[in-house]
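One-letter residues, chain by chain:
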Amino acid sequence: NPGAVEVCNGVDDDCDTTTSEDGTAAFEDAGGAVTALTVSTSSGSTTALALTQDGTATFCSGTFYTTLVVEADVTVQGIDSALTTLDGGSSDTVVAIEGSSLLVSLAELTLTGGDATVGGGISCEGPNTLDGANLVITGNRATYGGGLAIDGCSTTLDAVTVSSNDAVVGAGVDFGNATGTFTDVVLTANDASSIGGGLYLSNDSASTALSMAGGSIDANTAVYASAAELDGATNAVTLTLDGTEVA
C-alpha cells in the first residue's frame with residue numbers, strides 16, 4: 001500500500017524498501033485510523049507531543065527525544081524496553097498524565113532524560129489510573145519523584161525497574177494520596193538529596209496504600225531514609241511488602 005504509515009509489525013507497510021520501521025512512531029485512534037507521529041530522533045532537539053484522543057501510540061525501535069502529555073485514554077507502547085527509549089532531553093517530564101478519570105497504559109519502554117519539578121520520568125496527578133509493564137525508568141531528575149511522582153493516581157506496575165534517578169524528595173518514587181500495586185518492581189541506585197531515596201509515601205488529602213510483591217528496594221541513598229520514608233502526618237499511610245528485598 002504505497003503511502004501507508006509504517007508501523008511496528010515487521011511488514012513493509014508502504015511498499016518502499018528504502019524505508020524502515022526503526023525510528024518511526026504512529027498513533028492509532030479508537031476508530032482504527034493510523035497517523036504517523038513526527039518525533040525527533042536527534043539529541044539536539046526534543047519534540048513535545050500532546051495525546052488528546054483515545055488510542056494507542058506505538059514507538060518502534062530507536063531513541064525518541066520527546067515529552068508526552070497524555071490527556072485521554074491512551075496506551076503508549078514500545079517494542080521492548082531494551083529497544084525503545086523515550087528521552088526527555090532534560091526539558092520536562094517524559095510522560096505527564098493530566099486530566100480526570102483517564103486510563104493510561106505504558107509498556108515496553110525505557111524512559112530517561114526527564115527533568116521537572118514534579119516527576120522526572122512519569123507524573124500522574126488526579127483521579128486517573130496508570131498501568132505500567134516492562135518499563136525501565138532511569139536517569140531522570142526532579143524536585144519530587146525523580147523516577148515517578150504519583151498524586152491521587154491509582155497505579156499498577158509490573159516488572160518495572162526504577163534506577164539511577166535523582167530528586168530532593170522521593171528519588172525513585174514519590175507516591176501519595178492513592179492506592180498502588182507493584183509486582184516485581186526494582187527500586188535501585190536512586191539518590192535523594194533530602195529524604196526517601198527509593199520511595200517516599202505521604203498524604204495530605206487522602207489515605208495512601210501501596211502493596212509491593214517481589215522486587216526489591218536496594219542501594220538507594222538519601223540524607224534521611226535511604227530505602228523508604230512513610231510520612232503519615234495527615235492521613236493513613238500503609239506500605240505492605242510481600243517477598244520484597246530491602247537493603
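Here is a short report on the structure shown in this document. Everything quoted here is computed from the prediction, not taken from an experiment.

Reading guide: rules and limits
Residues numbered from 1 in each chain as written. Predicted model: local features only at pLDDT ≥ 70, side-chain atom pairs only at ≥ 80, totals over all residues. Heavy atoms only, no water. Patch = residues over 30% accessible without salt bridge, like charges linked within 9 Å, V, L, I, M, F, W, Y side chains within 5 Å. Areas by Shrake-Rupley, 256 points an atom, 1.4 Å probe, with all protein chains shown as cover. Salt bridge = Lys/Arg side-chain N within 4 Å of Asp/Glu carboxyl O. Lys, Arg positive; Asp, Glu negative; His and termini not counted. Charge placed at Lys NZ, Arg CZ, Asp CG, Glu CD. Helix = DSSP H or I, 4+ residues; strand = E, 2+ residues; numbered from the N terminus. Buried < 20%, exposed > 50% of the residue type's maximum accessible area, 1.4 Å probe, protein only. 1 Å grid on protein atoms, 1.4 Å probe; cavity = no way out; pocket = protein on both sides within 12 Å on 5 of 7 lines; lining within 4 Å. Points joined across faces, edges and corners; volume = space filled by probe spheres on them. Nonpolar A, V, L, I, M, F, W, Y, C, P; charged D, E, K, R; others polar. Pairing = 2+ DSSP bridges. Disulfide = S-S within 2.5 Å.

### Quick notes on a negative patch on the surface
A cluster of acidic residues, Glu-71, Asp-92, Glu-98, Asp-115, Glu-125, Asp-151 and Asp-204, forms a negative patch on the protein surface. Considering the arrangement of structural elements, one finds Glu-98 in the loop between strand 8 (95-97) and strand 9 (103-112). A relative accessible area of 41% means that Glu-98 is categorised as partly exposed.

### What to know about the layout of surface pockets
When its volume is computed, the largest pocket comes out at roughly 250 Å³. What lines the largest pocket is a set of 16 residues, and nearest its centre among them are Asp-151, Asp-174, Asn-177, Ser-202 and Asp-204. Elements with a contribution of two residues or more to the lining of the largest pocket: strand 14 (148-151), strand 17 (173-176) and strand 21 (199-202). Among the elements that make up the lining of the largest pocket, the one with the highest residue count is strand 14 (three residues). Of the residues contributing to the lining of the largest pocket, the split by class is six nonpolar, five polar and five charged.

### Considerations on the pairing of strand 14
Pairing geometry for strand 11 (residues 122-125) and strand 14, over four bridges, is parallel. From the neighbouring strand, Ser-123 faces strand 14, where its bridge partner is Ala-149. Bridge analysis of strand 14 against strand 17 gives four bridges, and the strand direction is parallel. By the bridge assignment for strand 17, Ala-149 is matched with Asp-174.

### Notes on unusual backbone geometry
Phi is positive for Ser-164, which is not a glycine, with a value near 55°. Structurally, the position occupied by Ser-164 is in the loop between strand 15 (154-163) and strand 16 (166-169). Residue Ser-164 is classed as partly exposed on the basis of its relative accessible area, which comes to 38%. Although it is not a glycine, Ala-189 adopts a positive phi angle of roughly 60°.

### Focus on the state of the cysteines
Inspection of the entire model under this criterion finds two disulfides. Bridging Cys-8 to Cys-60, the disulfide has an S-S length of 1.9 Å. Across the disulfide from Cys-8 to Cys-60, rotation about the S-S bond amounts to roughly -115°, and the bridge is consequently left-handed. Within this pair, whereas Cys-8 is found in the segment before strand 1 (25-29), its partner Cys-60 is found in the loop between strand 4 (55-59) and strand 5 (62-70), the two being separated by 52 residues in sequence. We classify Cys-8 as partly exposed; its relative accessible area is 23%. With relative accessibility at 3%, the residue Cys-60 sits in the buried group. Across a sulfur-sulfur distance of 1.9 Å, Cys-124 and Cys-153 are joined as a disulfide pair. Here Cys-124 and Cys-153 share a disulfide; its torsion about the S-S bond, 60°, makes the bridge right-handed. Taken together, the residues span a long stretch of sequence, with Cys-124 in strand 11 and Cys-153 in the loop between strand 14 and strand 15 at a distance of 29 residues. Accessibility expressed as a relative area gives 0% for Cys-124, which makes it buried.

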